[in-house]
Amino acid sequence: MPEKPTLDGLENKWVDVWQEAGTYDFDRTATREQVFSIDTPPPTVSGSLHVGHVFSYTHTDLIARYQRMTGKKVFYPMGWDDNGLPTERRVQNYYGVRCDPSLPYDPNFEPPAEPGKDQIAISRGNFVELCERLTIEDEKVFESLWRRLGISVDWKMTYQTIDTRARAISQRMFLNNLKRGEAYQSEAPTLWDVTFRTAVAQAELEDRERPGAYHRVSFHKPDGSPLFIETTRPELLPACVALVAHPDDERYQPLFGTTVTSPIFGVEVPVVAHTLADPEKGSGIAMICTFGDTTDVTWWRELQLPTRPIIGWDGRILAQEPEWITSELGKNAYASLAGLTAHSAKEKVAELLRESGDLEGEIRPITHPVKFFEKGDKPLEIVTTRQWYIRNGGRDADLRAALVARGSEITWHPDHMKVRYTNWVEGLNGDWLISRQRFFGVPVPVWYSLDADGNPEWDKVIVPDDSQLPIDPSAEAPHGYTSDQRGVAGGFIGDADVMDTWATSSLTPQIVGGWSVDDDLWKRVWPFDLRPQAHEIIRTWLFSTVVRAHLEEGQLPWKHASISGWILDPDRKKMSKSKGNVVTPIDLLDEHGSDGVRYWAASGRPGTDTAFDVGQMKIGRRLAMKILNASKFVLSQGTADATAVTEPIDRALLALLADVVDEATAAFEAFNYTKALEVTETFFWSFCDDHLELVKDRAYGLAGDDAAASARASLNIALETLLKLFAPFLPFVTDEVWSWFHPDSVHLNTWPTSAELKSFDGNPELIGHAAEVLSQLRKVKSEAKVSMRADIATATVTAKAEVIDAVRHVEADLRAAGRVMSDLTYTEHDGPTEISAILA
RNA sequence: GGUCGAUUGGCGCAGUUGGUUAGCGCGCUUCCUUGACAUGGAAGAGGUCACAGGUUCGAGUCCUGUAUCGACCA
């Protein structure tokens, strides 16, 4: 035990000790019943760490540490999400390269030390290697921060969502889905990001308010009279396939079934009726283009309209002159648009309309919601492509109902988060689009045969043998083919796409649990106990994980889902980088100590947004310091056998502590770590402020050996119990103190139970009565502005009979702590307890 | 626009199944430094629980509506 305890250096000391001792290693011999398994969110390593990570990962660690102390073998691995666009972008910028899948792999490629001005084109294989190289560096930084924070994961079990095992599992699961008909390909209009040139899924969309402008444009009826529509996307005029109005709209009813001609391009299109047309919007009649938005897709599908695409994968107007435009005027107009971006084309068409006299009045600016890829910065277009999908209930009522039911089986923390899941599943309007036209990801593990003319036969899917997994179909040949048959007639081609990042992330339980590769482990951990995560990815990560588990295992992937809240600025706004208010986690840990930061994090209940508050961290640090000092005091008094606990106040203390243990345990069982900390902390402070003061003189031996032994024994029992109760929250200081009088780690000790404490049969109310009297004795001194050490000549307790009876049991300690020179006198009175005292 | 959540002393939060004087931390006021602790201690002031209505013997705690804030989804 140090002479002058300090918190400085505790983190480094204990991080090393825990690592060497394997304190948090998973016991692989444990059976499923003995295991508490956690499906940890793998952080995106290409992003930077922020306090939000520290906050939510601490929450999971609190649960993990509690469960470990209750005797569970905690399965708590950590993964890194290094699969997907963020990594690609980071690699491009970091090394100054770009991926060109048509290039051959260069085994000797080395990136330049400094990124050059122009990006170097490299093969997919080289690109992926750079992704792996950079992410390993990032992951080291992450791991050291987590260790420093005291996250009790087993660092021998880490995984990457791009590593070999994850790729194999991801592909194997996809092939299982394919085998059962749950994965399928379809050529369909798809939301498309023109910057990344990839399809995006419903779950990746977000609406953003963008400026737009209504253009009032005249179509021409057969008699030459104008029919006005209003559109924000005049550039799609050449893609118009029909006009649409509400069937009940009397203004347009006479036109249904007739045709009109588009301005400039002179294309004849029908006027049709559909209930989705809003009579209140614009002129009440709209043009349908293939495709301007998702409503166009609905109309196109339900009204069986032709497809007239004019926007390419790059977001520009297609160069190829459309066959449906036949007039010279129209062809010339189209030629002036070809190759333009949608934005430029819009201006050009407006100009042409103005010239032809078909633009009525002024262009009317508005603000309207536009669909974006959440990681993109250009509006999404809709293009028709062949893509892979996995059934998720979006087009199947039975599956949807089954998945909704699964959501109700999960125990949500907090409960109301379940609603978000249900709303999302019930609002799905299509299956899960999983193919992405990107490079760094898990390839779609299939090939297609080529017919005699060398054209792909998309419906003739060639799948790999399981033993081949993971495969890269763009680099390897399927069984029965040789690689020189790639791309030639009668040969094969590989699917060029990779899978959506969620298609792999949805398998984190399978990846960490060793599904299909380590059956022994799998049986010990599946299904998992806990999935902790953020609420904004309920629709993506949580839902997709449920989908995969439901399809493969017919069961839930975990019992509990604990949803963490946001970190808010002190001004209640969500913390964001753009506001420049992000504090780096390592600086926080340096300044306030890991225990202090954890204390703050523990104040955020599941699902509750919590303000970033260094004040709380300081309080946490103060608590840790207090634990050091109080522990030193208790231990320096020496100890005694538990049978020595005889004094009523000592027995009362342990009785009260028994209640605290019960409350903290119940709170932890309900994932309410905040309450567990609160009740422990409340007890601890009164333990320090009142109880230690009361028994101090007795512990010194001033009241005899037996009385001293009672104090010492009870203080030791209380200290041990408190250290255990605090251990999940303040792992560093508690293990430090524990090491002063134990050879092992507090974190591997058993969580306290109330039974033993209750066996001392104390009356917990004694503590309150004693504290009340002590407080009033202090008040006398405080009001007289004298030291607490000042003597009191006489004191009278006026209280109810049972209170007096209680106080008599504690009189000796009270007199010692209050420095009361003479015996207390008592007056029975049926009211609140009052003390009158005369200073010496 | 829909859904969910929040609204309690200056600030940040607790208030479990409705039941006597609504708790806690920070801050604030006053005081205390020599046998654990100044990265400390003691005592104290301060709120009627957003607003309106309702259920009830009784509501911060249940119901309805309004307002404000936030999140998620359109």
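Residues numbered from 1 in each chain as written. Chains lettered and ligands numbered in written order. Predicted model: local features only at pLDDT ≥ 70, side-chain atom pairs only at ≥ 80, totals over all residues. Heavy atoms only, no water.

**Student:** Summarise the overall build of chain A; cite the residues concerned and give the values.
**Tutor:** A tally of helices and strands in chain A yields 24 helices and 30 strands. Across its three principal axes, chain A shows a C-alpha extent of roughly 115 × 65 × 55 Å. Looking at the 840 residues of chain A, the share that counts as buried comes to 56%. Relative to all contacts within chain A whose residues are 6 or more apart in sequence, the contacts with residues 24 or more apart total 76%. Only carbon and sulfur atoms are counted for the fraction: they give 50% of the accessible area of chain A, which is about 35,300 Å². Computed over 87 positive and 124 negative side-chain charges, the inter-centroid distance for chain A is 2 Å. (Helix = DSSP H or I, 4+ residues; strand = E, 2+ residues; numbered from the N terminus. Buried < 20%, exposed > 50% of the residue type's maximum accessible area, 1.4 Å probe, protein only. Contact = heavy atoms within 4.5 Å. Areas by Shrake-Rupley, 256 points an atom, 1.4 Å probe, with all protein chains shown as cover. Lys, Arg positive; Asp, Glu negative; His and termini not counted. Charge placed at Lys NZ, Arg CZ, Asp CG, Glu CD.)

**Student:** Lay out the sheet that holds strand 21 (residues 456–462) with the relevant residues and their values.
**Tutor:** Spatially, the 3 strands line up as an open sheet ordered 21-20-22, and their pairing is antiparallel. Only two strands of the sheet have a single neighbouring strand rather than two, namely strand 21 and strand 22 (492–494). Here the average twist between neighbouring strands, direction ignored, is 40 degrees. (Pairing = 2+ DSSP bridges. Axes fitted to C-alpha atoms, helices over the stretch in contact; angles between N-to-C directions.)

**Student:** Which residues make up the packing of helix 4 (residues 124–149) against helix 15 (residues 585–592), and what are the values?
**Tutor:** Running from N to C, helix 4 and helix 15 cross one another at 25 degrees; their axes reach a closest spacing of 11 Å. Here helix 15 runs roughly parallel to helix 4, going by the angle between their axes. Crossing hand, helix 4 versus helix 15: left-handed. From helix 4, Leu145, Arg148 and Leu149 reach across to helix 15, where they touch Pro585, Ile586, Leu589 and Asp590. Of the residues belonging to the contact of helix 4 with helix 15, the class tally is 5 nonpolar, no polar and 2 charged. (Parallel < 35°, antiparallel > 145°, perpendicular 65-115°, else oblique. Left-handed = near helix turned anticlockwise from the far one by under 90°. Nonpolar A, V, L, I, M, F, W, Y, C, P; charged D, E, K, R; others polar.)

**Student:** Before we move on, can you summarise the domain arrangement of chain A with the specific residues and values?
**Tutor:** With domains assigned, chain A is organised as domain 1 (29–172 + 506–585), domain 2 (178–197 + 382–503), domain 3 (208–370), domain 4 (614–763) and domain 5 (769–839). If you average the C-alpha positions of domain 1 and of domain 3, the two centres end up 45 Å apart. (Domains from an automatic or database assignment.)

**Student:** How would you sum up helix 4? Please name residues and give values.
**Tutor:** Taking 1.5 Å per residue as the helical rise, helix 4 with its 26 residues ought to reach 38 Å, and the 37 Å between its terminal C-alpha atoms agrees with that figure. At the C-terminal side of helix 4, Gly150 shows a positive phi close to 90 degrees. (Expected span 1.5 Å × (residues − 1).)

**Student:** Mind laying out unusual backbone geometry, listing which residues take part and the relevant values?
**Tutor:** Between His413 and the following residue, Pro414, the backbone shows a cis peptide bond with an omega angle of -5 degrees. Following the sequence through the fold, Pro414 ends up in the loop between strand 17 (411–413) and helix 10 (417–426). Look at the link from Trp526 to Pro527: it is a cis peptide, with omega at -10 degrees. Mapped onto the secondary structure, Pro527 falls in the loop between helix 13 (519–525) and strand 24 (528–534).

**Student:** An account of the packing of aromatic side chains is needed here, citing residue identities and associated values.
**Tutor:** One pass over the full model with this rule turns up 31 aromatic pairs. Taking 5.5 Å as the distance between ring centres and 15 degrees as the angle between the ring planes, the aromatic pair formed by Tyr184 and Tyr389 counts as stacked. Here Tyr184 is found in strand 7 (residues 183–193), whereas its partner Tyr389 is found in strand 16 (residues 381–390), with 205 residues between them in sequence. For the pair Tyr184 and Tyr389, one class covers both residues: buried. Each ring, one from Phe683 and one from Phe687, has its centre 6.2 Å from the other, and the planes form 15 degrees; the classification is stacked. Here the residue Phe683 and the residue Phe687 both occupy positions in helix 19 (residues 673–700), the gap between them amounting to 4 residues, near one helical turn. (Phe/Tyr/Trp six-rings, centres within 6.5 Å; stacked < 30°, edge-to-face > 60°.)

**Student:** Which residues make up the protein's contact with RNA strand B, and what values go with them?
**Tutor:** In the vicinity of RNA strand B there are 36 residues, among which Arg539, Arg605, Lys626, Tyr700 and Arg789 approach most closely. Here RNA strand B approaches the protein such that, of its atoms within 4 Å, sugar and phosphate make up 82%. Asp689 is positioned such that a nitrogen or oxygen atom in its side chain is 3.1 Å from a phosphate oxygen of RNA strand B. In the model, a phosphate oxygen of RNA strand B is placed 2.8 Å from a nitrogen or oxygen of the Arg789 side chain. Counting only elements with at least two residues in the surface near RNA strand B, the list comes to helix 10, helix 17 (614–636), helix 19 and helix 23 (765–783). Tallying contributions element by element places helix 19 first for the surface near RNA strand B, with 8 residues. Of the residues contributing to the surface near RNA strand B, the split by class is 11 nonpolar, 8 polar and 17 charged. (Near = heavy atom within 4 Å. Polar contact = N/O pair within 3.5 Å; in protein donor to acceptor, adjacent residues only side chain to side chain.)

**Student:** So what's going on with the environment of Pro115? Residues and values would help.
**Tutor:** Positionally, Pro115 belongs in the loop between strand 4 (97–99) and strand 5 (120–122). Residue classification places Pro115 among the partly exposed positions, given a relative accessible area of 37%. Measuring from C-alpha to C-alpha, the distance between Pro115 and Asn93 comes to 7.4 Å, with 22 residues separating the pair along the chain. In this view, Pro115 contacts Asn93, Tyr94, Tyr95 and Gly96; residues no more than four positions away in its chain are not counted.

**Student:** So, the pattern of salt bridges: which residues are in play, and what are the values?
**Tutor:** Per the counting criterion, the structure on display carries 46 salt bridges. The salt bridge involving Asp520 is made with Arg28; its shortest N-O contact spans 2.9 Å. With a gap of 492 residues between them, Asp520 in helix 13 and Arg28 in the loop between helix 1 (10–21) and strand 1 (35–37) connect regions that are remote in the sequence. According to the relative accessible area criterion, Asp520 is partly exposed, its value standing at 35%. The partly exposed category is assigned to Arg28, whose relative accessible area is 34%. Here the residues in one salt-bridge network are Arg28, Asp518, Asp520 and Arg524, joined through shared partners. (Salt bridge = Lys/Arg side-chain N within 4 Å of Asp/Glu carboxyl O.)

**Student:** Can you break down the sheet that holds strand 29 (residues 825–828) residue by residue, with the values?
**Tutor:** Pairing is mixed across the open sheet formed by 3 strands, whose spatial order is 29-28-30. Edge positions in the open sheet fall to strand 29 and strand 30 (834–839), since each of these has one partner strand only. On average, adjacent strands in this sheet sit at an angle of 15 degrees to one another, irrespective of strand direction. Here strand 28 (residues 792–799) pairs with strand 30 via 6 bridges, running antiparallel. Across the sheet, Thr798 pairs through a bridge with Glu834, a residue of strand 30.

**Student:** I'd like to hear about helix 2 (residues 51–69), residue by residue, with values.
**Tutor:** Between the first and last C-alpha of helix 2 there are 27 Å, a value that for 19 residues agrees with the 27 Å anticipated at 1.5 Å per step. Within helix 2, 19 of the 19 residues are buried, which leaves the element mostly enclosed by the surrounding structure. The positive-phi residue at the C-terminal boundary of helix 2 is Gly71, with phi of around 105 degrees.

**Student:** Tell me what's going on with the nonpolar core, and back it up with residues and numbers.
**Tutor:** Grouped burial of nonpolar side chains is what soluble globular proteins tend to show. Trp146, Ile627, Phe668, Phe684, Phe687 and Phe729 are the most contacted members of the largest nonpolar core, which totals 119 residues. With 13 residues, helix 19 is the largest single contributor of residues to this core. Beyond its immediate sequence surroundings of up to four residues, Phe684 is in contact with Leu623, Lys626, Ile627, Ala630, Leu722 and Phe726. In this structure, Met157, Ile169, Leu403 and Val442 belong to the second largest nonpolar core, which totals 70 residues. (Core = buried A, V, L, I, M, F, W, Y, C linked by side-chain atoms within 4.5 Å.)

**Student:** Which residues make up the side chain of Arg147, and what are the values?
**Tutor:** Following the sequence through the fold, Arg147 ends up in helix 4. For Arg147, a relative accessible area of 16% gives the class buried. Once residues lying within four places of it in the same chain are set aside, the contact partners of Arg147 are Val15, Gln19, Trp155 and Phe732.

**Student:** I'd like a description of the environment of Trp146, backed by residues and values.
**Tutor:** Here Trp146 is to be found in helix 4. Looking at Trp146, the relative accessible area reads 0%, which means it is buried. Along the chain, Trp146 and Ser759 lie 613 residues apart, while their C-alpha atoms are 40 Å from each other. With near-sequence residues (within four places) excluded, Trp146 lies in contact with Pro43, Leu49, His53, Val54, Tyr57, Met78, Trp80, Ile151 and Trp155.

**Student:** Break down the confidence of the model for chain A for me, with residues and values.
**Tutor:** Looking at chain A, the pLDDT average stands at 90 and 98% of residues meet or exceed 70. Counting interchain partners and residues more than four positions distant, the pLDDT-below-50 stretch residues 576–581 has 10 contacts. (pLDDT = per-residue confidence, 0-100.)

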